[in-house]
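# Chains, contacts and geometry: an overview
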Amino acid sequence: MRLRSKVSVLVLPVVSALVLAGCGGGGGSSSGDGVISLLGNDPQNPLIPTNTQETEGGKIVDAMWSGLLKYNPDTGKAENEMATSITPSEKNTVFDVKFKKGWKFQDGTEVKADNFINAWNYGAYAPNGQNNADFFSDIKGYNDVHPEDEKAKPATDKMSGLQKVNDYEFKVTLSSPNITFKQKLGYTAFYPMPDQFFKAPDKNKWAKDKPIGNGPYRFDEYKPSVETKLKRFDQFSGPDKPQPKEIDFKVYQNQDAAYRDLQAGNLDFMEVVPPSALAGNKYKTDLDGRVLNGPLMTDEAIAIPEYLKEPAFKNPDFRHGISMAINRAEISKQIFNGSREPIDGWLPPSVPGVQKGACGEFCQYNPQKAKELIQKVGWKGTIPIQSNADAGHKEWIEAVANSINKTLEGTGVKAQFSPVPTFQVLRQQEAGKQLAGWTRSGWNFDFPSPDNQLAALYKTGGSTNITDYSNPKLDQMLEQAREAATDDEANKDYAEAEKMLVANMPQIPLWSETGTAAYSDKIKSVKENKMKRVADVTSIVLNNNKS
């Protein structure tokens, strides 16, 4: 889910660069009477944390829940939220977790160890079909609840690696050492669930009608294709109390429509200014400086599903040729007005431990070499590049297609934008392995480690492996990185794993985002979590002079 920059967080006199900040509608005062409207979209699934993997649902879930850890919006580092301590054993195989007493769910019940243990077991149990199940695969006994053969009946519904010590302490035993495991515990999948969730006969209906979290905002109403409304939870147990009384995640058909509403005062925050407003720095004049620029821990690529039937699409020479036909620098300048930076690997440069140059020459614009490789393959036809039509991707995908077409003129190979109506539909096609062409792939980090993106997108059976890519040697290298004794050793192994992607290039890296968010004059200040590419809802301060 994610979605999501670790570099500095820039708290400007105003704004969050990601997705959470505007202040809208009903009046802003320091007493917290304001209503904030944010650019959102329909979540892919009902609001169950272990099944919420994509950015749009993640925005809502992260506002409704609190975890053992949270990610510092200024640094991206994992810090205690509910946890009082998380103590690893010498070899990072056992983690003793202690957390605060008295933390309440929004139904008034207290969060206890069973609420974590039961939620994690529910998420891991294969018959429940949770998208985030793979995040629990490190825990001892995962294979017993989630057999490798998805059709096999699990031996049990409880992982042996979860042991309750008392109501406010539990131990997590892993099947093998993992130096990155602790960092994961602020991610959505590891949130606790209330007792009433486990008693509900239809859990998806529960999550649609009135999901209950333990965070700063509670669910109020969902109107498909219109908005999701959250209300402030005044009994929130965390130290940072939210100010706005309501957050509305508003759905738009496209970013241009949202931007017009922002200008008109009908939307208060959008994390990405559309290309039409970036051109010539138009947005700066439109918004009188109400913008936030800064690097984000996020990147974009073109994913190539392995299950597509066209043999040429599987050919490494063909993939390398297409990559070298894309003029990333020119597109970043002309379409994004410099708000994107071309990347030379499969990870954004702001991720801790990233080493430069993983992609080598194949991420460099080289028209002659590109043409040679494509002619060597000999295939002729059109490559469809899919993306949702409701989020401002049309311009840059068409620019990528034009760059490919211009570079490969005369080879008989062309590319074209192939729109899918909504993000929800696109995610359903990805999850069901029903993509009909190549597709846009964007990634926001869930926790600050190369492991997050490499394991999710490229590990065999990874939680977000939309290409169905598999490389046993890469899988083995990721395991070696997790078992490393130090972060430096782990990062060297992650770098080696990343380099393995060069051979088959399951995704074509494009650029990372420097970020350009826009907000209304109803906001005084807010912090952005640049790793998760969302705003820190508890940091929002409203402008007293606006209503």
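Below: a short report on this structure. No experiment lies behind these values; they were computed from the predicted model shown. (Residues numbered from 1 in each chain as written. Predicted model: local features only at pLDDT ≥ 70, side-chain atom pairs only at ≥ 80, totals over all residues. Heavy atoms only, no water.)

By size, the foremost hydrophobic cluster in this structure holds 147 residues, and its most contacted members are L68, W120, F170, V172, I322, I383 and W438. If you tally residues by element for this core, the top one is helix α2 (residues 113–124), at 7 residues. Beyond its immediate sequence surroundings of up to four residues, F170 is in contact with L68, F95, D96, V97, F99, A113, F116, I117, W120, Q163, K164 and V165. (Core = buried A, V, L, I, M, F, W, Y, C linked by side-chain atoms within 4.5 Å. Buried < 20%, exposed > 50% of the residue type's maximum accessible area, 1.4 Å probe, protein only. Helix = DSSP H or I, 4+ residues; strand = E, 2+ residues; numbered from the N terminus. Contact = heavy atoms within 4.5 Å.)

The next thing to look at is the side chain of E81. With respect to the helices and strands, E81 occurs in the loop between β3 (78–80) and β4 (83–88). K70 provides the closest opposite charge to the buried, salt-bridge-free E81, at an N-O distance of 5.3 Å. Setting aside residues up to four positions removed in sequence, E81 forms contacts with S66, G67, L68, L69, K70, K100, W103 and F236. (Lys, Arg positive; Asp, Glu negative; His and termini not counted. Salt bridge = Lys/Arg side-chain N within 4 Å of Asp/Glu carboxyl O.)

The next point concerns the sheet that holds strand β17 (residues 438–444). Taken in spatial order, the 6 strands make up an open sheet running β14-β18-β13-β17-β15-β16, and their pairing is mixed. Sheet topology places β14 (340–342) and β16 (413–420) at the edges, where each strand pairs with a single neighbour. Strand after strand, the sheet turns through a mean of 30 degrees between neighbouring axes, direction not considered. In the sheet, β14 pairs with strand β18 (residues 507–513) via 3 bridges, with the strands oriented antiparallel. Bridge assignment links P342 to a residue of β18, and that residue is W511. The strands touched by helix α13 (residues 394–407) are β13 (298–303), β15 (381–388), β16, β17 and β18; relative to β16, the strand with the most contacts, the crossing angle is about 170 degrees. (Pairing = 2+ DSSP bridges. Axes fitted to C-alpha atoms, helices over the stretch in contact; angles between N-to-C directions.)

Estimates place the volume of the largest pocket at around 1100 Å³. What lines the largest pocket is a set of 40 residues, among which D134, E150, T460, G461 and G462 lie closest to the centre. Listed by contribution, the elements that provide at least two residues to the lining of the largest pocket are α3 (142–145), α14 (423–431) and α16 (472–482). Grouping the amino acids of the lining of the largest pocket by side-chain chemistry returns 9 nonpolar, 18 polar and 13 charged. Empty space within the second largest pocket amounts to approximately 520 Å³. Listing elements by their share of the lining of the second largest pocket, those giving two or more residues are α1 (55–64), β2 (69–71) and β22 (534–535). Residue composition of the lining of the second largest pocket, grouped by class: 14 nonpolar, 7 polar and 10 charged. (1 Å grid on protein atoms, 1.4 Å probe; cavity = no way out; pocket = protein on both sides within 12 Å on 5 of 7 lines; lining within 4 Å. Points joined across faces, edges and corners; volume = space filled by probe spheres on them. Nonpolar A, V, L, I, M, F, W, Y, C, P; charged D, E, K, R; others polar.)

As a further point, take the packing of aromatic side chains. A full pass over the atoms with the stated rule returns 24 aromatic pairs. Aromatic pair F116 and W120: ring centres 6.3 Å apart, planes at 80 degrees, arrangement edge-to-face. Here the residue F116 and the residue W120 both occupy positions in helix α2, the gap between them amounting to 4 residues, near one helical turn. W120 shares its class with F116; the two are buried. Aromatic side chains F197 and W206 sit 5.2 Å apart centroid to centroid with 65 degrees between the ring planes, which places their arrangement in the edge-to-face category. Since its relative accessible area comes to 1%, F197 is described here as buried. (Phe/Tyr/Trp six-rings, centres within 6.5 Å; stacked < 30°, edge-to-face > 60°.)

Think of an α-helix as 3.6 residues a turn; residues three or four steps apart then line up on the same face. With 12 residues, α2 ought to run about 16 Å at 1.5 Å a step, and its terminal C-alpha atoms sit 17 Å apart, in line with that. Most of α2 sits inside the fold, with 10 of its 12 residues counted as buried. Burial in α2 covers these residues: A113, N115, F116, I117, A119, W120, N121, Y122, G123 and A124. Where the residues of α2 are buried, they touch β5 (94–99), α3, β6 (162–166), β7 (169–173), α5 (195–199) and α6 (203–209). (Expected span 1.5 Å × (residues − 1).)

A few words on unusual backbone geometry. Despite not being glycine, D288 shows a phi value in the positive range, around 55 degrees. Within the secondary structure, D288 sits in the loop between α9 (282–287) and β12 (291–293). The backbone of K433 shows a phi angle near 50 degrees, a positive value even though the residue is not glycine. Structurally, K433 can be placed in the loop between α14 and β17.

In this structure, the largest cavity encloses a volume near 760 Å³. Along its surface, the largest cavity is lined by 46 residues, and T55, H393, F423, R440 and R533 are the ones closest to its centre. Top element by residues in the lining of the largest cavity is β17. It accounts for 5 residues. Residue composition of the lining of the largest cavity, by class: 18 nonpolar, 14 polar and 14 charged. Empty space within the second largest cavity amounts to approximately 90 Å³. Forming the boundary of the second largest cavity are 13 residues, of which D134, F135, K184, A455 and R482 lie nearest the centre. Tallying contributions element by element places helix α15 (residues 450–458) first for the lining of the second largest cavity, with 4 residues. For the lining of the second largest cavity, a count of residues per class yields 4 nonpolar, 3 polar and 6 charged.

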